[in-house]
Protein chains: 4
Amino acid sequence: MTRLSTASFEPEFIEGLRDIFERKVPFNHLLGLRITTLDPDRVACRIEMKDELTGHYSRGLLHGGVISAAIDAIGGLAVVAAVAARHSDEPALKRLERFGKVSTIDMRVDYLRPPISLHFDLRAQVLRLGSRVASTRMEFFGADGKLLASGAGAYHVA
Amino acid sequence: MTRLSTASFEPEFIEGLRDIFERKVPFNHLLGLRITTLDPDRVACRIEMKDELTGHYSRGLLHGGVISAAIDAIGGLAVVAAVAARHSDEPALKRLERFGKVSTIDMRVDYLRPPISLHFDLRAQVLRLGSRVASTRMEFFGADGKLLASGAGAYHVA
Amino acid sequence: MTRLSTASFEPEFIEGLRDIFERKVPFNHLLGLRITTLDPDRVACRIEMKDELTGHYSRGLLHGGVISAAIDAIGGLAVVAAVAARHSDEPALKRLERFGKVSTIDMRVDYLRPPISLHFDLRAQVLRLGSRVASTRMEFFGADGKLLASGAGAYHVA
Amino acid sequence: MTRLSTASFEPEFIEGLRDIFERKVPFNHLLGLRITTLDPDRVACRIEMKDELTGHYSRGLLHGGVISAAIDAIGGLAVVAAVAARHSDEPALKRLERFGKVSTIDMRVDYLRPPISLHFDLRAQVLRLGSRVASTRMEFFGADGKLLASGAGAYHVA
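Summarised in this report is the structure supplied together with it. All values derive from a computational prediction rather than experimental measurement.

Here is what the cut-offs are and how they apply
- Residues numbered from 1 in each chain as written.
- Chains lettered and ligands numbered in written order.
- Predicted model: local features only at pLDDT ≥ 70, side-chain atom pairs only at ≥ 80, totals over all residues.
- Heavy atoms only, no water.
- Buried < 20%, exposed > 50% of the residue type's maximum accessible area, 1.4 Å probe, protein only.
- Helix = DSSP H or I, 4+ residues; strand = E, 2+ residues; numbered from the N terminus.
- Pairing = 2+ DSSP bridges.
- Salt bridge = Lys/Arg side-chain N within 4 Å of Asp/Glu carboxyl O.
- Least-squares fit on C-alpha atoms with pLDDT ≥ 70 in both.
- Contact = heavy atoms within 4.5 Å.
- Buried area = accessible area lost by both parts, 1.4 Å probe.
- Polar contact = N/O pair within 3.5 Å; in protein donor to acceptor, adjacent residues only side chain to side chain.

Turning to the pairing of strand S6 (residues 147-156) of chain D, a few remarks are in order. Residues and elements named next belong to chain D. Burial runs high along S6: 10 of the 10 residues are buried. Across eight bridges, the pairing between strand S3 (residues 103-111) and S6 is antiparallel. Bridge pairing links threonine 104 to tyrosine 155 in S6. Relative to S6, strand S5 (residues 133-142) runs antiparallel, the two being bridged by nine bridges. The residue of S6 that forms the bridge with glutamate 139 is serine 150.

In structure tokens form, the structure reads like this:
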């Protein structure tokens, strides 16, 4: 039987990574970042609008810093997923420890449209996974599916 | 008497801008961003370390998203200061309204060193102020003066 | 009858823009940049490998600077096409003059894989066309269709 | 005797690196890039204006792609210099071979002012030299010393 590279992760790994990403990273928890898809080659997150995340005092816009923080975080998550898939023979716990070894080298965000929505969806994709550096592309959508921001990042891999 | 372009702003403008930036932008308030210098050609901010801003659950590092959010915010602040200086003949209130018209087009952050410190200092400088677009450079330091991250941004000016 | 926004350009405009882009911009001519697709919402270019464009003296790699130059150029071309489509009521000559009014604000390039190929194909897309600023995404492929580099840019529109 | 980390390189290394950078990288040669300073912590280059490097057919502006190519190249040169200084115990030839192992991960350029000048000067500085990745800042000046463009890059180090 052919083992597809896009095989899903086992529940233990998914729940472990969700626990780290959503709860053990305090600032992600503050933002309310939640994982909605976690596949080796595709990750997605959602973030609910709330007052504390507002950037403009009168217009109810999401703060640009929430966008950049979320884009940075999901890019790193995509790298962790890709690294974990590359080490699919390792036990879940060992792959989870790799989370702490992925860190951002640099990142770009393009802000395209006013971020007004009840929630926001993010997607990230690894364009290149090297042995030391990974490059990613990220997208940030409103609830209506409009692209509100896009990003690119480089990450240390260990 | 020659009026220097680097003349300081009047207290009314400074306090008004501080009120908007530190208190009326909810996410800046959440981050604890405070203005420490506000001159036409140079702005600086400080942010105190606190648990909610942690990115790594075991090592006490500041979350990269706090860095990108703060770098984005101070770049915009530098643009507002430069725009206000260009319109120094306007009443303070009118210049303060310009805050809401500056928005980020895009931004880059380079993460250079692990962000561990009791507080962090930011500086931003406008490299070019056009009639429609401004370009900025931003720096993010630890309490010991080490450069921990640097940034570049482009902003809409109105 | 509905006029689609993706309607093709008339031959006069296409030939005029090709003449400017490929011949009247000396550095594009030096690079050998040729337009292969010119639609309102999608542009593509090709560049043939040649010795002068080599970056590494022993390995026959395309110089990274050729990649960044070509990515910058095609991003601007995509903006010119989008602006021309927005002013489809203007005579071709007037729309061609808009070429000289589009200029790069800033740009990012991610180098993903070694650029070895007999020719290279580029594609660019406008993510947002504002009245003053446009944001684009660019891709750079080898002859085998592999993504070798990707880019993002912001451009002045007039 | 104290050996300063900013000690100059020996002539053999300088001439060897100049030969590679200015002559053996064909595209650098085409651009006319010349090294004017080569110190462990600071490198500078010059580029003379010439017709083939023009971007705008009527206004005599340097092509943005020349700027991005030169900024990319000098950032890499600064990394090579920093790496060579770290391996100052190695023979010159071995340090020169390190040139081929430095490659760009990603780069940003901000275009600030119209590039019209008889020549252009570039400076680059390494902000962080890791064992695998280096981050740099680059500046691009007109003959009058005005900052015309600025850049940031990340490079693979081996």
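Per the counting criterion, the structure on display carries 53 salt bridges over all chains. Note that glutamate 48 of chain B and arginine 34 of chain B form a salt bridge whose closest N and O atoms lie 3.4 Å from each other. One end of the pair, glutamate 48 of chain B, is in strand S2 (residues 42-48); the other, arginine 34 of chain B, is in strand S1 (residues 34-39), with 14 residues separating them in the sequence. In this structure, the salt-bridge partner of arginine 108 of chain C is aspartate 110 of chain C, at a minimum N-O distance of 2.8 Å. Side by side, arginine 108 of chain C and aspartate 110 of chain C carry an identical accessibility label, which is buried. Counted as one network, the salt bridges with shared partners bring together Asp106 of chain A, Arg108 and Asp110 of chain B, Arg108 and Asp110 of chain C together with Asp106 of chain D.

It takes a turn of 180 degrees to lay chain D on chain B, together with a shift of 0.0 Å along the axis; the resulting RMSD is 0.0 Å. Here the transformation between the copies is reduced to the relation of a two-fold axis. Looking at chain D, 100% of its interface residues are interface residues in chain B too, so the copies touch through the same face.

A word on the interface of chain A and chain B. In this assembly, 32 residues from chain A lie in contact with 33 residues from chain B. Note on chain A versus chain B: buried area summed over both sides is about 2,600 Å², and carbon and sulfur give 61% of it. Put simply, chain A and chain B have two salt bridges between them. The partner of arginine 108 of chain A in a salt bridge is aspartate 106 of chain B, and the shortest N-O contact between them spans 3.2 Å. Run the count over chain A and chain B and you get 15 residue pairs in polar contact (both at pLDDT 80 or more).

Any link to function would need more than the numbers given here.
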